Amino acid sequence: METGKVVAEAEELPKAIVRRVVKDTLSRCSPEDSDIIIHKDALLAFSESARIFIHYLTATANDICKESKRQTMNAGDVFKALEDIEFPEFVGPLKVSLNEFKRKNGGKKEGSSPNKEVQKKRKTGGKSTPKKGDTGEK
């Protein structure tokens, strides 16, 4: 176990994912150096930098959300936060990526609704559950 570990384990980014992102990015930057070795300290530095960036972006997006007198943060708040913290060049690619993700995964959310309804009926023995304030008696 490392001494002086400040970050809670729940806040750490998965090391395997950080390593994969770094290696993929480096291989795209210099395809001729496919056997790039990344020191453990460098991976830790990437991970900590990403974690701090996420915290900063989240706090800024949260401020934007509160200024709008809303409690639910949305993608627009994140886009505006990126501009506020002076990373406007990220907004375009992020919007493209988000739209692509929605396109690929859009049907999954709608397709899961009937499954949840079937699971509810199984749990209640096929009976519909009474609504709030309804005793279920006739």
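Calculation rules
- Residues numbered from 1 in each chain as written.
- Predicted model: local features only at pLDDT ≥ 70, side-chain atom pairs only at ≥ 80, totals over all residues.
- Heavy atoms only, no water.
- Phe/Tyr/Trp six-rings, centres within 6.5 Å; stacked < 30°, edge-to-face > 60°.
- Helix = DSSP H or I, 4+ residues; strand = E, 2+ residues; numbered from the N terminus.
- Buried < 20%, exposed > 50% of the residue type's maximum accessible area, 1.4 Å probe, protein only.
- Lys NZ or Arg CZ within 6 Å of the ring centre and 35° of its normal.

Before going further, it helps to spend a moment on the packing of aromatic side chains. Going through the model one piece at a time under the given rule, you end up with three aromatic pairs. On the basis of an interplanar angle of 85° and a centroid distance of 5.3 Å, the ring pair of Phe 53 and Phe 87 is categorised as edge-to-face. With Phe 53 in helix α2 (residues 40-67) and Phe 87 in the loop between α3 (75-84) and α4 (91-123), this pair connects stretches of sequence that are 34 residues apart. Given the relative accessible area of 26%, Phe 53 is considered partly exposed. When the ring of Phe 87 is compared with that of Phe 90, the centres are 5.1 Å apart and the planes differ by 35°; the resulting orientation is tilted. Residue classification places Phe 87 among the partly exposed positions, given a relative accessible area of 27%. Members of the aromatic cluster, connected to one another through ring pairs, are Phe 53, Phe 87 and Phe 90. Above the face of the Phe 79 ring, Lys 95 is positioned so that its terminal group lies 5.2 Å from the ring centre.

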